[in-house]
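Residue-level listing of the chains:
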Amino acid sequence: MSLPKAEVRRLFKRRVTRIFLAITVIGLALFPLAFTINSKPATAERRAAAEAQAQREFELATAQFEQMRTECEAAKARGETGLDDRYGPDCGAGYGPQQEWFSAQQYMDYEFNFRDEFQPSLAVLAGILAMVAFVVGASFVGAEWHTGGMMNLLLWRPRRVPVLLTKLGVLVGSMLGVTAVLGALWTVAFWAIGRFDGQLGVLTPGVWQSIGLTGLRGVTLVLLAATIGFCLASIGRHTAMALGVGIGAIVVSEIGLRIVFELLRVQFGDRYILSTYLVAWFEKSMTIIDYRACNFVNGPCTPPEYVVTWQQSSVLLGAVLVLGVFGAVWSMRRRDVT
Amino acid sequence: MPAVLEISGLEKTYRSRRRGARKALDGFDMVVESGQVHGFLGPNGSGKTTTLRTLLGLITPNGGRMTLLGQPVPAALPRVAGRVGAIVESPQFFPNFSAHDTLSLLADAGGVTKQRVVEVLELVGLRDRAKDRVRTYSLGMKQRLAVASALLKKPDLLILDEPANGLDPGGIREMRSLMRGLAESGMTVVLSSHILAEVQLICDSVTIISRGRRVAYGPVADVLAQHAGGGVTVRLESADDLSVAAEILIAAGARVTPDDDRLVVTNVEKPAWVTRTLAERGYYVSELAPVKVDLESVFLELTQTAPVAGQARQVDDSAVVASSQGGWGV
Ligand SMILES: Nc1ncnc2c1ncn2[C@@H]1O[C@H](COP(=O)(O)OP(=O)(O)O)[C@@H](O)[C@H]1O
Ligand SMILES: [Mg+2]
């Protein structure tokens, strides 16, 4: 009697799962690829070339400046007026180019820095995986309901709630596995870019810990998305139900509410928008700044701020999770299977 | 013989927000004894699928008691589910999996060996198509797959909802011999069907349902005998005398329907009474035979769903019996 085993097989036998995973892997691979192509490691030659170029540019600018001064002095000697408007006071003396304006750094190619850039990339990874997990989770149970597979299964395993929770557990476990593997590959890829095609930066244990924590937040988000997709599709007994609610939530919250808040000039309207809480969850907090309250014509102004913390996010996301799972279990228990 | 399946007073009302309540089962009773092939008959929408779904725990009844293999359900369903194989309504499977995948996933979930999957595929004749996706199957092939899935767990009780749907004549015959074979091996088979000639051929006993109530049940022979109603067909030496003879018999209390060159006489106690009554008035019977009834005509009579010329019968126009006790006892 191994329902979990059967469900794992079913999940990975499904075309939706396979196709989505394949597309995801290919799509994700494009990111490190783009970074390796763009990143040029700062070799001694490149640095020397950049320094030489900086020097050349400085000399060129200086020469131009000197020529301008000469013209100005000549004009002054001819007794022309209004020179201050054209060249600045005293023929622009003291405004000449300075050596430090032309640092070699400016003339270096882009170079990837693992320490600075890897952590933000985790948000991209988590966002993509969360969307995939939502769709895979929804279709895993949605198609099962829609095609009658669930009914067949219930003829074998009549305990409905354990059947549903086993499926959910299998989904969450599998998504955890997929996320862990892809996350590891993602880390290795970017680490390798930093190591061989850019810079690693100073990787203290603190940096790694911070990366680990961000990773954990990402994983939580992916699993949450999978669970919500699964629960919505199970309540609606159709994949489309979950996709509809998902798209509906995005349209209403991210577009509709934004427009309405803008029109009504609601202060800190963003605090009622879903993505604010996702960002806050990821970045530990999100500050909403009310620039409208400022009238910069009257001089400097400190706009009022509203901070959404990750604790608030976790309360909201937790509530969504509980509601979803509860709804799915309740409808599994109570509703007829026809 | 112990009852393998017992239902009494089963009630189910479907409620939907738009159409309100619909009573699908109204005090339905049914008993199936061990080792039988039992036919479950009724017009469309009479409640067969609803009964089977309720029995299998897919829908919750509003009242009544049920047992499967001697255990009360739905409470004991987790214990008996492994011994009850079932298909309910038109079989539905995940279209992108092959028959083999579909069954092996069920086998995994139910702890059945992989060997058994191969066995049942062979049994229902899908061996060579087992690796094809179900999407590419014909209705009859899906039906075979459904039967295979029901047989997978070697059940003691096999419940099939319209298994002959979509099968070709060869398939129907194979299904018939398959079921006979299963019954002989000790399996109890309940099948709902519309193909009454088929049911008459393979079933030991039947239950007939109309509008959510039982209207007849018992061994096929008994149900037929009761509805022959002692009817006889009568031919006279001279066909010209038929109308006079009919009047005589009606006057004596029989019910008579003229039919070409003969009379169909019902409501008589013994065929001999007809001969005697007519002979007393000087008419001589040349041929007297009991009316042959088949399950189809009994079914149409009991459920009152025989077609009437010039009328389109609607699905819910069928017999309503007074109460669940009003059936035709054995
Ligand atoms: N899910 C449902 N919701 C509402 N009514 C239903 C549902 N399923 C069946 N019914 C109604 O219940 C009655 C019995 O249906 P069913 O048991 O499927 O009949 P059948 O004997 O043809 O299998 C029909 O009138 C049907 O319309
Ligand atoms: Mg039906």
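By the naming in an unreviewed UniProt entry, chain A is ABC transporter permease, taken from Asanoa iriomotensis.

**Q** Mind laying out the overall build of chain A, listing which residues take part and the relevant values?
**A** Counting its regular elements, chain A contains eleven helices and four strands. Here the C-alpha atoms of chain A give a radius of gyration of 29 Å, more than 25% beyond the 20 Å that 2.2 N^0.38 yields for 338 residues. Projected onto its principal axes, the C-alpha positions of chain A cover 105 × 55 × 35 Å. Across chain A, contacts joining residues at least 24 apart in sequence account for 76% of those joining residues at least 6 apart. As displayed, chain A offers around 18,200 Å² of accessible surface, 65% of which is attributable to carbon and sulfur atoms. Distance from the positive charge centre (31 side chains) to the negative charge centre (26 side chains) of chain A: 25 Å.

**Q** Can you tell me about the overall build of chain B, naming the residues and giving the values?
**A** Per the secondary structure count, chain B includes eleven helices and 14 strands. Oriented by its inertia axes, the alpha-carbon framework of chain B measures out at about 80 × 45 × 45 Å. Classification of the 330 residues of chain B by burial places 50% in the buried group. Pairs at least 24 residues apart make up 68% of the contacts formed inside chain B by residues separated by at least 6 positions.

**Q** Break down the domain arrangement of chain A for me, with residues and values.
**A** As far as domains go, chain A holds domain 1 (3-41 + 112-334) and domain 2 (44-107). Measuring from the centre of the C-alpha atoms in domain 1 of chain A to the corresponding centre in domain 2 of chain A gives 53 Å.

**Q** Explain the domain arrangement of chain B residue by residue, including any values.
**A** Taken domain by domain, chain B holds domain 1 (3-226) and domain 2 (232-290). The straight-line distance from the C-alpha centre of domain 1 of chain B to that of domain 2 of chain B is 45 Å.

**Q** Outline the site of ligand 1, listing residues and values.
**A** Around ligand 1, the neighbouring residues are Thr-338 of chain A together with Tyr-14, Arg-22, Ala-24, Pro-43, Asn-44, Gly-45, Ser-46, Gly-47, Lys-48, Thr-49 and Thr-50 of chain B. Per-site note: the chains with residues close to ligand 1 are chains A and B. Note that an oxygen atom of ligand 1 is positioned 2.7 Å from one of the backbone N or O atoms of Gly-45 of chain B. Side-chain polar atom of Thr-50 of chain B to an oxygen atom of ligand 1: 2.5 Å apart, as the coordinates give it. Relative to its unbound accessible surface of 560 Å², ligand 1 loses 71% to contact with the protein. Mapped onto the shell around ligand 1, the elements with two or more residues apiece are β2 (20-33) and α1 (48-55) of chain B.

**Q** Lay out the interface of chain A and chain B with the relevant residues and their values.
**A** Taken together, the contact pairs 26 residues of chain A with 34 residues of chain B. Buried surface at the junction of chain A and chain B, both sides included, amounts to about 2,700 Å², of which 59% is carbon and sulfur. The salt bridge partner of Lys-12 of chain B is Asp-336 of chain A, with a shortest N-O separation of 2.7 Å. Inspection of the region where chain A meets chain B yields twelve residue pairs in polar contact (both at pLDDT 80 or more). Broken down by secondary-structure element, the contributors of at least two residues to the side of chain A that touches chain B are α1 (3-13) and α6 (149-156) of chain A.

**Q** Account for the sheet that holds strand β10 (residues 213-219) of chain B, with residues named and values stated.
**A** Residues and elements named next belong to chain B. The six strands lie next to each other as β6-β7-β8-β3-β9-β10, forming an open sheet whose pairing is mixed. Two strands bound the open sheet, and with one partner strand each, they are β6 (84-87) and β10. Each strand of the sheet is rotated relative to its neighbour by a mean of 10°, with strand direction disregarded. Where strand β3 (residues 37-41) and strand β9 (residues 205-210) come together, four bridges link them in parallel fashion. Paired with His-38 across the bridge in β9 is Ser-205.

**Q** Which residues make up the pairing of strand β12 (residues 255-259) of chain B, and what are the values?
**A** Residue and element names in this part refer to chain B. As judged from the five bridges shared by β12 and strand β13 (residues 262-266), these two strands associate in the antiparallel manner. Within β13, the position partnered with Pro-258 by the bridge is Leu-263. Linking β12 to β13, which pair antiparallel, is a turn of two residues; within it Asp-260 sits at a positive phi near 55°.

**Q** Now, about the environment of Val-118 of chain B: what can you tell me, with residues and values included?
**A** Inspection of the secondary structure puts Val-118 of chain B in helix α4 (residues 114-123). When the C-alpha positions of Val-118 of chain B and Ala-130 of chain B are compared, they lie 8.9 Å apart, and in sequence the two are twelve residues distant.

**Q** Describe unusual backbone geometry, listing the residues and the values that go with them.
**A** Residues and elements named next belong to chain B. Going from Val-73 to Pro-74, the amide bond is cis rather than trans, its omega being 10°. Considering the arrangement of structural elements, one finds Pro-74 in the loop between β5 (71-73) and α2 (77-80). For Glu-162, which is not a glycine, the phi torsion comes out positive at approximately 50°. Along the chain, the position of Glu-162 falls in the loop between β7 (157-161) and α6 (169-184). Given a relative accessible area of 18%, Glu-162 falls into the buried group.

**Q** So what's going on with the sheet that holds β2 of chain B? Residues and values would help.
**A** All names here are of chain B. What the four strands build is an open sheet, ordered β2-β1-β4-β5; its pairing is antiparallel. Strand pairing shows two members of the sheet lacking a second neighbour, β2 and β5, which therefore form its edges. Taken pair by pair, the neighbouring strands of this sheet meet at an average axis angle of 30°, ignoring direction. Against the sheet, α1 contacts β1 (3-16), β2, β4 (63-68) and β5, and its axis sits at roughly 110° relative to β1.

**Q** Which residues make up the side chain of Ser-121 of chain A, and what are the values?
**A** As for its position among the elements, Ser-121 of chain A is in helix α5 (residues 114-146). Contacts of Ser-121 of chain A, omitting those with residues within four sequence positions, involve Trp-186 and Phe-190 of chain A.

**Q** How would you summarise the packing of helix α8 (residues 205-236) of chain A against helix α11 (residues 310-334) of chain A if you had to cite specific residues and measurements?
**A** All names here are of chain A. Their axes nearest at 9 Å, the elements α8 and α11 cross at an angle of 30°. It follows that α8 is roughly parallel to α11 by the angle criterion. In the crossing of α8 with α11, the sense of the turn from one axis to the other is left-handed. For the pair formed by α8 and α11, the contact residues are Arg-217, Leu-221, Leu-224, Thr-227, Ile-228, Cys-231, Ser-234 and Ile-235 on the first element and Trp-310, Leu-317, Val-320, Leu-321, Gly-324, Val-325, Gly-327, Ala-328 and Ser-331 on the second. Looking at side-chain class alone, the contact of α8 with α11 contains eleven nonpolar, five polar and one charged residues.

**Q** Which residues make up the packing of aromatic side chains, and what values go with them?
**A** Residues and elements named next belong to chain A. In this structure the tally under the stated criterion is 15 aromatic pairs over all chains. Aromatic pair Trp-281 and Trp-310: ring centres 6.1 Å apart, planes at 65°, arrangement edge-to-face. Taken together, the residues Trp-281 in helix α10 (residues 274-283) and Trp-310 in helix α11 connect sequence positions 29 residues apart. Residue Trp-281 is classed as buried on the basis of its relative accessible area of 11%. Three or more aromatic residues link up through ring pairs in this structure, and these residues are Phe-31, Phe-35, Phe-112, Phe-114, Phe-118, Trp-186, Phe-190 and Trp-208. The ring centre of Phe-140 lies 5.2 Å from the NZ or CZ of Lys-167, which sits over that ring. Just above the ring of Trp-310 sits the side chain of Arg-217; from NZ or CZ to the centre is 5.1 Å.

**Q** Lay out the packing of α6 of chain A against helix α3 (residues 99-110) of chain B in plain terms, naming residues and giving numbers.
**A** Relative to each other, α6 of chain A and α3 of chain B sit at 35°, their axes nearing to 10 Å. The handedness of the crossing between α6 of chain A and α3 of chain B is right-handed. Contact residues: α6 of chain A offers Asn-152, Leu-153 and Trp-156 of chain A, while α3 of chain B offers Leu-106, Ala-109 and Gly-110 of chain B. A breakdown of the residues in the contact of α6 of chain A with α3 of chain B according to their chemical character gives four nonpolar, two polar and no charged.

Rules used throughout
- Residue positions are given per chain, counting from 1 as you read along its sequence in written order.
- Going through the entries in the order they are written, you letter the chains from A and number the ligands from 1.
- At least 70 in pLDDT is required for a residue's local features to be given in this predicted model, at least 80 for side-chain atom pairs to be given and counted, and no such filter applies to totals for whole chains, interfaces and linings, which use all residues.
- By convention in this description, side-chain values take in all heavy atoms of the structure and omit both hydrogens and water.
- Only DSSP runs of H or I with at least four residues qualify as helices, and only runs of E with at least two residues qualify as strands; both kinds are numbered from the N terminus onward.
- The globule rule used for comparison is 2.2 Å times the number of residues to the exponent 0.38, while the radius of gyration itself is calculated over C-alpha atoms.
- Residues count as neighbours in contact if any of their non-hydrogen atoms are within 4.5 Å of one another.
- Methods summary: accessible areas were calculated by the Shrake-Rupley approach with a probe of 1.4 Å, and residue burial reflects only the protein chains presented.
- Note on charges: Lys and Arg go in the positive column, Asp and Glu in the negative column, and His and the chain ends are not counted at all.
- By convention, the charge on Lys lies at NZ, on Arg at CZ, on Asp at CG and on Glu at CD.
- Think of it in three bands: residues with accessible area under 20% of the maximum for their type are buried, residues over 50% are exposed, and the middle band is partly exposed, with areas taken using a 1.4 Å probe on protein chains only.
- Domain ranges listed in this record stem from an automatic or a database domain assignment.
- Only a single heavy atom is needed: when it lies within 4 Å of a molecule or strand, its residue is near that molecule or strand.
- Identification of polar contacts relies on pairs of N or O atoms within 3.5 Å, with a donor-acceptor requirement for protein atoms, meaning one able to donate a hydrogen and the other able to accept it, and with residues adjacent in sequence counted only if both atoms are side-chain atoms.
- A simple way to read buried area is as the amount of 1.4 Å-probe accessible surface that goes missing from two parts once joined, with both sides added.
- The working definition used for a salt bridge is a side-chain nitrogen of Lys or Arg within 4 Å of a carboxyl oxygen of Asp or Glu.
- Paired strands, as defined in this entry, are two strands with at least two bridges between them according to DSSP.
- Interaxial angles span 0 to 180 degrees and are taken between N-to-C directions of axes, which are lines fitted to C-alpha atoms, for helices over the stretch in contact.
- Here the word oblique covers every angle except those under 35 degrees (roughly parallel), over 145 (roughly antiparallel) and from 65 to 115 (roughly perpendicular).
- Each crossing gets its handedness from the near helix: less than a right angle anticlockwise from the far helix is left-handed, clockwise is right-handed.
- Each residue gets one label: Ala, Val, Leu, Ile, Met, Phe, Trp, Tyr, Cys and Pro are nonpolar, Asp, Glu, Lys and Arg are charged, and the others, such as Gly, are polar.
- Only centres within 6.5 Å qualify two rings of Phe, Tyr or Trp (six-membered ring in Trp) as a pair; their planes then separate them into stacked at under 30 degrees, edge-to-face at over 60, and tilted for everything else.
- Look at NZ for Lys and CZ for Arg. If either is within 6 Å of the ring centre and within 35 degrees of the ring normal, a charge sits over the ring.

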